[in-house]
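Now for the letters of each chain:
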Amino acid sequence: MKTISIEEVLERQIPIIDVRTPAEYEKFQIPGAVNLPVFSNEEREIVGTTYKQKGTEAAKELGISLVSPSLPDFYKRAKEISEEKEFVVYCWRGGMRSKSLTVVFDMMGLPSRQLEGGIRSYRQKVTEGLEKASKEETPFFVLEGLTGTSKTEILNDLEKKGYPVVDLEGLAAHRGSVFGRVNLPERSQKEFEARLYHRLEEIGDTPYYIIESESKRLGNIIIPDFILEGKQEGTRMQVHAPLSYRIQKILNTYHPEQHIEEITKGINKIEKRFSDEERVDIYAALQKHDFATIVERLLIDYYDPRYEYKAFENEGEIINLTYQSLEEGCRLVQNEVDRLETKLRSEGEKVSL
């Protein structure tokens, strides 16, 4: 049986098959891996219980009896996934599940390899990569602004143009508010860190990073300390847009008419933050499906005051940029980033001299 290191897998970008349960795969997987589970979620629990109660041999016998009928399907699926080219198989730590299938595939003439150390080797690679990034002294340009000022769209525009943007909300699949998970997938801390690692690798050597100003948490995701420290010390570009623009932007992003139940739950979570009068107005608007009024009240009475309070946590220089449209906002921020980069390079040249 042939094995392969995680470094070679990532470098060569060969097809990857994850043979863990669907539940394990859903929580965390190597990017691009296709799930071909040896056991279902329930079967793995049964095998685990058998191992604890009756020992290794009994668990092996049970495992073989569960897997054997599915071997023809495994072969067919692996052949389709790999297109008969070399591929890699992994489980949790390079144990029996991936070893067994790799041997079977090899016997059937499919060029497969087992990943050394399983997905734990990939997790270690991610952890080491982020640890390395945390020791670098790369400065941050930080985009700030009230809710609805199109910060994400501006960052996306810069990223498409090749700027070193780290879109934390995109990586976390969370918009950074009590409604932040509406119409977005659930994402684990491990998956977020893996996506962050790959984005930093993709950017490579850079004189600076561009991020949006975020709190320590984005839903259930914790932002690494080195990014929070970079945010607090970084150069701050604070963007401003009219209230009417912000309301329409939020309506276009969240489509509240399609997610009434989730929006209602979000309002329920924060209703104690409002006065009795504000609460009556919000729930009356909710009953009428008057989402523009709801957004306006949430901005004025909840989000804007919270943002103004949080803004004092950062220490860097503030550059204010005001615009009336997304196109204007993208242009102003890009011009400012270009100016800051020129200044940064100039200061670096003076230091080297």
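Here, every reference points to the structure presented above.
This text gives an overview of the structure that appears in the document. (Residues numbered from 1 in each chain as written. Predicted model: local features only at pLDDT ≥ 70, side-chain atom pairs only at ≥ 80, totals over all residues. Heavy atoms only, no water.)

**Re the sheet that holds strand β10 (residues 235-240)**
Through backbone hydrogen bonds, the strands of a sheet pair up, either in parallel or in antiparallel fashion. Selection rule: The pairing criterion is simple: DSSP has to find at least two bridges between the two strands. For helices the rule is a DSSP run of H or I covering at least 4 residues; for strands it is a run of E covering at least 2, with both sets numbered from the N terminus onward. To get an axis, a line is fitted to the C-alpha atoms, and for a helix only the part in contact is used. The angle between two axes follows their N-to-C directions and goes from 0 to 180 degrees. Any pair of residues with heavy atoms lying within 4.5 Å of one another is described as a contacting pair.
Spatially, β7-β6-β10-β11 is the arrangement adopted by the four strands of the open sheet, whose pairing is parallel. The sheet is open, and its two edges are formed by β7 (209-212) and β11 (318-322), each paired on a single side. Mean inter-strand twist for the sheet, computed between neighbouring axes without regard to direction, equals 25°. Against the sheet, helix α8 (residues 151-160) engages β6 (140-145), β7 and β10, with an angle of about 160° to β7. Those strands touched by helix α11 (residues 225-233) are β6, β7 and β10, and its axis lies near 75° from that of β6.

**Focus on the environment of Val-239**
Cut-off, in case you're wondering: Relative accessibility decides the category of a residue: with a 1.4 Å probe and only protein chains considered, values under 20% of the type maximum give buried, values over 50% give exposed, and everything between is partly exposed.
Looking at where Val-239 falls in the secondary structure, it is placed in strand β10. Its relative accessible area of 1% is what places Val-239 among the buried residues. Each C-alpha atom of the pair Val-239 and Leu-321 lies 4.8 Å from the other, and the pair is 82 residues apart in sequence. When sequence neighbours within four positions are dropped, the list of residues in contact with Val-239 reads Leu-143, Glu-144, Gly-145, Leu-146, Thr-149, Lys-151, Leu-321, Tyr-323 and Val-333.

**A short note on the pairing of β6**
The buried fraction of β6 amounts to six of the six residues, a majority that puts the element mostly inside the structure. Along β6, one buried face is formed by Phe-140, Val-142 and Glu-144 and the opposite face, lined by Phe-141, Leu-143 and Gly-145, is buried too. Two elements, β6 and β10, share five bridges in a ladder whose sense is parallel. Counted as the bridge partner of Phe-141 is Thr-235 from β10.

**Comments concerning the packing of helix α7 (residues 118-134) against helix α10 (residues 189-203)**
Worth spelling out the cut-off: We call two directions roughly parallel when the angle between them is under 35 degrees, roughly antiparallel when it is over 145, roughly perpendicular when it lies between 65 and 115, and oblique otherwise. For any pair of crossing helices, the crossing counts as left-handed if the nearer helix is rotated counterclockwise from the farther one by less than a right angle, and right-handed if it is rotated clockwise. In this count, Pro and Cys sit with the nonpolar residues alongside Ala, Val, Leu, Ile, Met, Phe, Trp and Tyr, while Asp, Glu, Lys and Arg are called charged and the others, Gly among them, polar.
Interaxial distance between α7 and α10 falls to 9 Å at its minimum, and their mutual angle equals 60°. If you check the angle between α7 and α10, you find them oblique. As for the relative orientation of α7 and α10, their crossing is left-handed in sense. For the pair α7 and α10, contact is made by Tyr-122, Arg-123, Lys-125, Val-126, Gly-129, Leu-130 and Ala-133 and by Lys-190, Glu-193, Ala-194, Leu-196, Tyr-197, His-198 and Leu-200, respectively. When the residues that make up the contact of α7 with α10 are grouped by side-chain class, the tally is eight nonpolar, two polar and four charged.

**What to know about the packing of helix α13 (residues 260-270) against helix α14 (residues 276-287)**
Interaxial distance between α13 and α14 falls to 12 Å at its minimum, and their mutual angle equals 170°. It follows from the interaxial angle that α13 and α14 lie roughly antiparallel. Counted together, Thr-264, Ile-267 and Asn-268 of α13 and Ile-282, Tyr-283 and Leu-286 of α14 form the full contact between these two elements. Residues belonging to the contact of α13 with α14 are distributed by class as follows: four nonpolar, two polar and no charged.

**Focus: the nonpolar core**
Put simply, the rule reads: Buried residues of nine kinds, namely Ala, Val, Leu, Ile, Met, Phe, Trp, Tyr and Cys, make up a nonpolar core once their side-chain atoms join them within 4.5 Å.
In this structure, Ile-30 and Val-166 are the most contacted members of the largest nonpolar core, which totals 36 residues. Of all the secondary-structure elements, those providing two or more residues to this core are α1 (6-12), β4 (87-90), α7, β6, α9 (168-172), α10, β7 and α11. If one sorts the elements of this core by residue count, α10 sits on top with six residues. Of all hydrophobic cores here, the second largest spans 20 residues; its members include Leu-158, Ile-210, Leu-321 and Cys-330.

**Let's talk about the pairing of β10**
Counting buried positions along β10 gives five out of six residues, so the element sits mostly inside the fold. Across five bridges, β10 lies against β11 in parallel orientation. Along β11, the bridge assignment pairs Gln-238 with Asn-320.

**A short note on α7**
Keep this limit in mind: Here a helix's expected span is defined as the number of its residues, less one, multiplied by 1.5 Å.
Along its 17 residues, α7 runs 25 Å from first to last C-alpha, staying within 8% of the 24 Å computed at 1.5 Å per residue. Buried residues belonging to α7 abut α1, β4, β5 (112-115), α10 and α11.

**Observations regarding the environment of Gln-324**
Its location among the elements puts Gln-324 in the loop between β11 and α16 (326-352). Given a relative accessible area of 55%, Gln-324 falls into the exposed group. Linking Gln-324 and Thr-149, residues 175 residues apart in sequence, is a C-alpha distance of 9.8 Å. Those residues in contact with Gln-324 that lie beyond four places of it in its chain are Pro-242 and Tyr-245.

**Overview of the packing of aromatic side chains**
Note the cut-off: Only Phe, Tyr and Trp rings are paired, with Trp represented by its six-membered ring, and only when their centres lie within 6.5 Å; those with planes under 30 degrees apart are stacked, over 60 edge-to-face, the remainder tilted.
A complete count under the given rule lists seven aromatic pairs for this structure. Ring plane angle 20° and centroid distance 4.5 Å describe the contact between Phe-141 and Tyr-208, whose orientation is recorded as stacked. Taken together, the residues span a long stretch of sequence, with Phe-141 in strand β6 and Tyr-208 in the loop between α10 and β7 at a distance of 67 residues. Each member of the pair, Phe-141 as well as Tyr-208, carries the same accessibility label: buried. When the centroid spacing of 6.4 Å and the interplanar angle of 80° are considered together, the rings of Tyr-245 and Tyr-323 count as edge-to-face. Here the residue Tyr-245 occupies a position in helix α12 (residues 243-254), and Tyr-323 occupies one in the loop between β11 and α16, the gap between them amounting to 78 residues. The residues Tyr-245 and Tyr-323 share a single accessibility class, namely buried. Pairwise contacts between aromatic rings join Phe-274, Tyr-302 and Tyr-303 into one cluster.

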